[in-house]
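# Secondary and tertiary structure notes
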Amino acid sequence: MIDLIQSIYHALGLSINATDGDVGGILSIVFILLGCLFMYLQPSGTARVEAPAKIDKKSEPVKVVAPKITFKERLTKGLSQTSQDVFGKLSTLFSKGLDADTLEEVEELLYSADMGTAIVSELIEALESRVKKGEFTPEQFKMFMFEFLKNKMKDVQTKVDKSLFSFEAGSGTKVIMVVGVNGAGKTTTIGKLATKLTAQGAKVVVGACDTFRAAAVDQLQVWCDRAGATMIRAKEGANPSGVGYDALQTALNEKADYCILDTAGRLHTAGNLMDELKKSKTVLQKLDATAPHHTLLVIDAITGQNALRQAEEFHKTLELNGLILTKCDGSSKAGSAVSIVSTLQVPIAYIGVGESVEDLDEFKLDDYLKALLAL
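Let me sum up the structure you'll find in this document. Computed from a predicted structure; not experimentally measured.

What counts and what doesn't
Residues numbered from 1 in each chain as written. Predicted model: local features only at pLDDT ≥ 70, side-chain atom pairs only at ≥ 80, totals over all residues. Heavy atoms only, no water. Buried < 20%, exposed > 50% of the residue type's maximum accessible area, 1.4 Å probe, protein only. Helix = DSSP H or I, 4+ residues; strand = E, 2+ residues; numbered from the N terminus. Pairing = 2+ DSSP bridges. Right-handed = clockwise from strand over helix to strand, strands pointing away. 1 Å grid on protein atoms, 1.4 Å probe; cavity = no way out; pocket = protein on both sides within 12 Å on 5 of 7 lines; lining within 4 Å. Points joined across faces, edges and corners; volume = space filled by probe spheres on them. Core = buried A, V, L, I, M, F, W, Y, C linked by side-chain atoms within 4.5 Å. Contact = heavy atoms within 4.5 Å.

### Some details on the pairing of strand S5 (residues 294-300)
The element S5 is extensively covered by neighbouring structure, given that seven of its seven residues are classed as buried. Of the two faces of S5, both are covered, the one formed by His294, Leu296, Val298 and Asp300 as well as the one formed by Thr295, Leu297 and Ile299. By the bridge criterion, four bridges tie strand S1 (residues 174-179) to S5 in an arrangement that is parallel. Residue pairing in the sheet places valine 179 in a bridge with leucine 297 of S5. Two strands pair when backbone bridges link them, and S5 and strand S6 (residues 322-326) are joined in this way by five bridges, in the parallel orientation. By the bridge assignment, valine 298 is partnered in S6 with isoleucine 324. In this fold, the crossover linking S5 to S6 by way of helix H12 (residues 306-318) has right-handed handedness.

### With respect to empty space enclosed by the protein
Inspection of the entire model under this criterion finds two cavities of 30 Å³ or more. In this structure, the largest cavity spans a volume of roughly 80 Å³. Put simply, the parts of the chain that give the lining of the largest cavity at least two residues each are helix H10 (240-253) and helix H11 (271-284). In terms of residue count, the dominant contributor to the lining of the largest cavity is H10 (four residues).

### Some details on the nonpolar core
Core analysis: the biggest nonpolar cluster contains 87 residues, and Leu110, Ile260 and Tyr368 have the highest contact counts within it. The element best represented in this core is helix H7 (residues 138-157), accounting for eight residues. Filtering out sequence-adjacent residues up to four positions away, isoleucine 260 remains in contact with Ile176, Val178, Ile190, Leu193, Ala194, Leu197, Val204, Val205, Val206 and Gly207. The next biggest cluster of nonpolar side chains, apart from the first, holds 13 residues, and it includes Val175, Cys209, Val243 and Ala291.

### Considerations on the environment of lysine 281
Mapping lysine 281 onto the fold places it in helix H11. C-alpha separation for the pair lysine 281 and glycine 244, spaced 37 residues apart in sequence, amounts to 8.7 Å. Among all residues touching lysine 281, those that are not within four sequence positions of it are Met177, Ala291, Pro292, Thr295, Leu318 and Glu319.

### Some remarks on the pairing of S1
Where burial is concerned, most of S1 is hidden: five out of the six residues are buried. With five bridges connecting them, S1 and strand S4 (residues 258-262) associate as parallel partners. Bridged to lysine 174 within S4 is tyrosine 258.

Dropping the structure here:
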């Protein structure tokens, strides 16, 4: 091999002597060239398979998906304090037997749940009649309460117009006038309604008729922007009925499915302010003789028995056809709902338990009573 290399050197005119190192170098080059040739001649589709890299599971964060809370569960949680403080104590009383003293305690607890005088009187009378028939266990008492309260409300609740919850395309513009005292959650509720309806594909126009509170108008603007609803607003201090008129005119021109009107918060004891609301309603009827199709009163559940007085005054002025009960959480008693529905024969359309859109939903009588009584 060395002689072969030496002869090649001489042929090339090189005056160097071949060594063992030259032999090793040339053999290495030959092997490298053969390897490259082998790789080049491999059939297409053949690939080198490498073992997957080792994954350190500890370094990957574990994603925890929180379970979705249903509205029924939200409502039960919101009314849990009333359920424990009032109806839980009532059940305990029945475990000791029902006598004159116990009935008096029952009456006091019912009043503390914000139930009106008429309802409490009827309930006590019905309780006395029921007890005469025999023993009355705590569970039997809860079922008695459930049936009594349901009978007071169920017929009225059938009057709720389902177009408040879902729309039918091509059925014309439905006008929803929302009223209530300041602080009841009226503006926020309107924002939630607009969001729910636009999410169904409805076209919604909102009239910011509370022209006396710039902050309320700005808050409503944020809700409308998020919902994709059109908002009609005017300068601070503008005529509220004029804003309502413009909003409805826009809704009719654009063939909107809903025109929701926010109104200035009114104290039910202020006659001139209530007259302004009545005027706003009359102005709407210049564009649509059937407007407003829904006149809804927003009631703060924390208001207590004064809520009935509020509802009576608004109903006398505007002929309410629906209620929205808000803030049914925390320290809310929520018993006033029974008295209002029974006295005015006006149904509850929506009930709210918090600030998010999901915290407002259709009022369902059975769910409300079961949450109230912990059934």
